[in-house]
Amino acid sequence: MDFNLKKLTSDAGVFFTRAVQFTEEKLGSAEKTELDAHLENLIARADCTKNWTEKIFRQTEVLLQPNPIDHTGARIEEFFYEKLDKKIPSRITNGELLGQYMMDAAKDFGPGTPYGSTLITVGEYQKRLGGAEREFLQTSAINFLTPLRNFLEGDWRTISKERRLLENRRLDLDICKARVKKAKQAEAKAACEGDAAPDFQETRPRNYVLSASASALWSEEVDKAEQELRVAQTEFDRQAEVTRLLLEGISSTHVNHLRCLHEFVEAQVTYYAQCHQYMQELQKELSSANSDTYPNSFSSNAHPSTTCPSPVSSSTLPGAAPPGLITSGPNSTREPAGPLKIQDVQPPATGHRKAKVLYDYDAHDASELSLLADELITVYTVPGMDPDWLVGERGNQKGKVPVTYLELLS
């Protein structure tokens, strides 16, 4: 107990003298030992590396886990699994969860219905996208986040510890320099004024006990202060060298982080390429399914009905070609007409109406017309056409438009 009390008292005294020295340096009343320029540059470079590494690390975590609540919960879960030395379980991604919801919904809506079958298709691809995302998250965490975290929690903590120790050694060195200076000044002053008892309040702590005659204490005080200065200088130089070696290792850290950055970019390239491939495949499947579910209604108009001709028919005119045949001259070879295209549909003489577009609509094929909300177009019907569709015209553009996207105007 006595030894611990003495050590506590000694530590408190050292802390007090360092605090006094630090305060006097800030106030400009005490000299400060400056580090060499090379070491100062290394320290500045290390601080810059730490600050930007921390920002990149935090923002990468936000990129990989945008929801801060989920991110906090995930980190807490990882912390407990690491403490228990257990493998962290693989988490389901949002894409996989969405895909599972779609497939479950398709079971209730009916897998054989158009909506149900499409939900199944889209759900499968959403699960594929979620799986690709999970692989990307795992790869990025291992190859990029982990090295950055190891630097911040390992190497940087060691560097910070040694830098604090270097600062303490510098304060001790400056304290010893101040004591030597004050002791020599007091000795010179006493030599001029005569053999007077020195005031050791300037050179020693308050609890210093005189143990020799006043006439011999001057030289003894100077010798002790110079001896302490040599020891403090040696410890400072040794600690400065240790700190310098650690700081020079920042170059190796940059090389390691550069390699990790390349791996992170490669993981991103792979992930986005997979997503692009999956979306292209999904788009093709949906286009194929739509063409089977909603066939082109204009194909049935390729050959107009001739069983009930109108009283005045072009086929009764002299030299007119029979229905379904086209000619290029009086003696030319007759050929059957091909499937009627939307561009070949002629507007009727009457029955035109203006319509206001309610919502944006993207055409799914060449027979349809893309729409923009709030624009006005001309619409009309064609015999034999699906009642849910109209023919719309906008300038030189023509195509099918869904009735539900329009407001017919009188």
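Computed from a predicted structure; not experimentally measured. (Residues numbered from 1 in each chain as written. Predicted model: local features only at pLDDT ≥ 70, side-chain atom pairs only at ≥ 80, totals over all residues. Heavy atoms only, no water.)

**Student:** What is the right way to look at the overall build of the protein in this model?
**Tutor:** Across its full length, the protein carries seven helices and seven strands. Out of the 410 residues in the protein, the part that is buried amounts to 29%. Relative to all contacts within the protein whose residues are 6 or more apart in sequence, the contacts with residues 24 or more apart total 66%. For the protein, the exposed area adds up to about 27,100 Å²; of that, 56% sits on carbon and sulfur atoms. (Helix = DSSP H or I, 4+ residues; strand = E, 2+ residues; numbered from the N terminus. Buried < 20%, exposed > 50% of the residue type's maximum accessible area, 1.4 Å probe, protein only. Contact = heavy atoms within 4.5 Å. Areas by Shrake-Rupley, 256 points an atom, 1.4 Å probe, with all protein chains shown as cover.)

**Student:** Just to check I follow, could you spell out the pattern of salt bridges for this structure?
**Tutor:** Working definition: two side chains of opposite charge can pair if their charged atoms are close together. By the definition in use, this model includes 15 salt bridges. For Lys-50, the salt bridge is made with Glu-54, and the minimal N-O distance between the two is 3.2 Å. With Lys-50 and Glu-54 both in helix H2 (residues 37-64) and four residues apart, this pair spans about one turn of that helix. With its nearest N and O atoms 3.1 Å apart, the salt bridge here joins Glu-263 to Arg-259. Residue Glu-263 and its partner Arg-259 are both found in helix H7 (residues 250-293); the two are separated by four residues, about one turn of the helix. Owing to a relative accessible area of 27%, Glu-263 belongs among the partly exposed residues under this scheme. For Arg-259, a relative accessible area of 44% translates into the label partly exposed. (Salt bridge = Lys/Arg side-chain N within 4 Å of Asp/Glu carboxyl O.)

**Student:** Even after reading the chapter, I still don't get the sheet that holds strand S7 (residues 406-409), so can you show me in this structure?
**Tutor:** Backbone-to-backbone hydrogen bonds pair the strands of a sheet. The strands run either parallel or antiparallel. Spatially, the five strands line up as an open sheet ordered S6-S5-S4-S3-S7, and their pairing is antiparallel. Strands with a single pairing partner mark the edges of an open sheet, and in this sheet they are strand S6 (397-402) and S7. Averaged over all pairs of adjacent strands, the angle between their axes in this sheet comes to 40 degrees, without regard to strand direction. Of the strand pairs in this sheet, strand S5 (residues 389-394) and S6 are connected by six bridges, and their pairing is antiparallel. Paired with Trp-389 across the two strands is Pro-402, which belongs to S6. (Pairing = 2+ DSSP bridges. Axes fitted to C-alpha atoms, helices over the stretch in contact; angles between N-to-C directions.)

**Student:** Looking at this structure, I do not really get unusual backbone geometry. What am I missing?
**Tutor:** Among all residues save glycine, negative phi is the norm, and among peptide bonds the norm is trans. Of note in the backbone geometry, Asp-374 takes a positive phi value of approximately 75 degrees without being a glycine. With respect to the secondary-structure elements, Asp-374 resides in the loop between strand S3 (353-357) and strand S4 (376-380).

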